[in-house]
Protein chains: 2
Amino acid sequence: MYNLVMQMGMIYLFTGNGKGKTTSALGTAIRAIGYGKKVVVIQFMKKRETGEKKFFQKHGYEFYQFGTEKFVDFKNPTEKDKQLAKEGLNFAKEKLKEKPFLLVLDELNVAIAANLLSVEEVLEMLSNIPEETHIIITGRYAKQELIDKADLVTEMKEIKHPFQKGKPAIEGLDF
Amino acid sequence: MYNLVMQMGMIYLFTGNGKGKTTSALGTAIRAIGYGKKVVVIQFMKKRETGEKKFFQKHGYEFYQFGTEKFVDFKNPTEKDKQLAKEGLNFAKEKLKEKPFLLVLDELNVAIAANLLSVEEVLEMLSNIPEETHIIITGRYAKQELIDKADLVTEMKEIKHPFQKGKPAIEGLDF
């Protein structure tokens, strides 16, 4: 009977090449915080001042980044890139012990796709989630194993994008 | 030359049958607020206590709902449904005069699809946007005219959803 109770939490996965993956995770975080729930946001492969970082830190909500300021070279990631991703994953495991209502693992799919983390070690983490904790994983290039593991999967599909026309990203809207 | 300066703001459209449209708009709102920008969220066809409503109102951010507590019958919307949608659209026009950085029009696509508003009156509003204002429109069933008008369009495509398995919506995660 115990197994029926385990893993009550949902795993939501947002992938695809379109805009809206990270922001959807952040919007869900706001929704949970609105109900007074404990939320932890962990961003992989990012180290940047963004609107969301400013917002979360200003209000004292938990928000952490594990990455460098440079883009990761997928074909040739550095040891530093790998080390930071491992630190992020280990930090996520530690945070799970605090049994948050929601743990956001932003860009985790990309960290796997860039070979900073193996899908096996991520699946291992996902098989040890407190029953009260929901997980949101974002990022392009989601592995089939994670799609299979998730309860909900949305593909954010790009239909039209202004960057296609060479327009720059806008502060407060795109980051 | 003046026309080149007009309509600098972006119109982002989130549509499709998958989860993540409203939350992506809310996450973008947080991003903008993080930079100290003025944001206005208007929800059509909704009147409900949700995590996002609690959150925005607690922090004093602008958040408005124009709808009833009942679901709208698409085949037979009531006069009240139509009246509230019109009020929402008029309210949006008034708010545009305050030149917010971001105006979210949540579920506006659905209000058009349910014949509460015409696509023409929405396009008319969108042709009178202050140049400093960005717009996010969400909801399934986006009309082609709005897709054509938008600068960015993401289709949130449902790959897998727990409601398919009869699982209920979760407070703080799904509303």
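First things first, this report covers the structure right here in the doc.

Rules used throughout
- Residues numbered from 1 in each chain as written.
- Chains lettered and ligands numbered in written order.
- Predicted model: local features only at pLDDT ≥ 70, side-chain atom pairs only at ≥ 80, totals over all residues.
- Heavy atoms only, no water.
- Core = buried A, V, L, I, M, F, W, Y, C linked by side-chain atoms within 4.5 Å.
- Buried < 20%, exposed > 50% of the residue type's maximum accessible area, 1.4 Å probe, protein only.
- Contact = heavy atoms within 4.5 Å.
- Least-squares fit on C-alpha atoms with pLDDT ≥ 70 in both.
- Axes fitted to C-alpha atoms, helices over the stretch in contact; angles between N-to-C directions.
- Helix = DSSP H or I, 4+ residues; strand = E, 2+ residues; numbered from the N terminus.
- Parallel < 35°, antiparallel > 145°, perpendicular 65-115°, else oblique.
- Nonpolar A, V, L, I, M, F, W, Y, C, P; charged D, E, K, R; others polar.
- Pairing = 2+ DSSP bridges.
- Salt bridge = Lys/Arg side-chain N within 4 Å of Asp/Glu carboxyl O.

Residues F56(A), L102(A), F56(B) and L102(B) are the most contacted members of the largest nonpolar core, which totals 46 residues. In this structure F56(A) touches L26(A), A29(A), I30(A), I33(A), V41(A), Y61(A), E62(A), F63(A) and I30(B), once residues within four positions along its chain are discounted.

What follows covers the relation of the copies chain A and chain B. After a rotation of 180° and a shift along the axis of 0.0 Å, chain A superposes on chain B with an RMSD of 0.0 Å. Overall, the copies show the geometry of a two-fold rotation axis.

This brings us to the packing of helix α2 (residues 21-34) of chain A against helix α3 (residues 51-59) of chain B. Where α2(A) meets α3(B), the axes come as close as 7 Å, and the angle between the chain directions of the two elements is 75°. With respect to α3(B), the element α2(A) is oriented roughly perpendicular. Facing α2(A), whose interface residues are I30(A), R31(A), I33(A) and G34(A), α3(B) presents G51(B), E52(B), K54(B), F55(B) and F56(B). Residues of the contact of α2(A) with α3(B), tallied by class, amount to four nonpolar, two polar and three charged.

Time to look at the sheet that holds strand β3 (residues 62-66) of chain B. Spatial strand order, β3(A)-β2(A)-β4(A)-β5(A)-β1(A)-β6(A)-β6(B)-β1(B)-β5(B)-β4(B)-β2(B)-β3(B): 12 strands in an open sheet with mixed pairing. Each edge of the sheet is formed by a strand with only one pairing partner; in this case those strands are β3 (62-66) of chain A together with β3 of chain B. Taking the axes of each pair of neighbouring strands and ignoring which way they run, one obtains an average angle of 15° across the sheet. In terms of strand pairing, strand β2 (residues 39-44) of chain B meets β3(B) through five bridges, oriented parallel. Within the sheet, the bridge partner assigned to I42(B) lies in β3(B) and is Y64(B).

This brings us to the environment of L89(B). Checked against the element boundaries, L89(B) lands in helix α4 (residues 79-96). Excluding residues within four positions of it along the chain, L89(B) makes contact with F44(B), L117(B), E121(B), V122(B) and M125(B).

A word on the environment of A114(B). All names here are of chain B. With respect to the helices, strands and loops of the structure, A114 is situated in the loop between α5 (108-113) and α6 (119-126). Residue class for A114 comes out buried when judged on its relative accessible area of 0%. Dropping the residues within four chain positions of it, A114 is found in contact with M45, V72, F74 and P77.

Residues and elements named next belong to chain B. In the structure shown here, the tally under the stated rule is 24 salt bridges over all chains. Measuring nitrogen to oxygen at the nearest pair gives 2.6 Å for the salt bridge that ties K38 to E62. Of this pair, K38 sits in the loop between α2 (21-34) and β2 while E62 sits in strand β3, and the two are 24 residues apart along the sequence. E62 sits in the buried class, given a relative accessible area of 17%. As a salt-bridge pair, E62 and K95 come within 2.7 Å of each other at their nearest N and O atoms.

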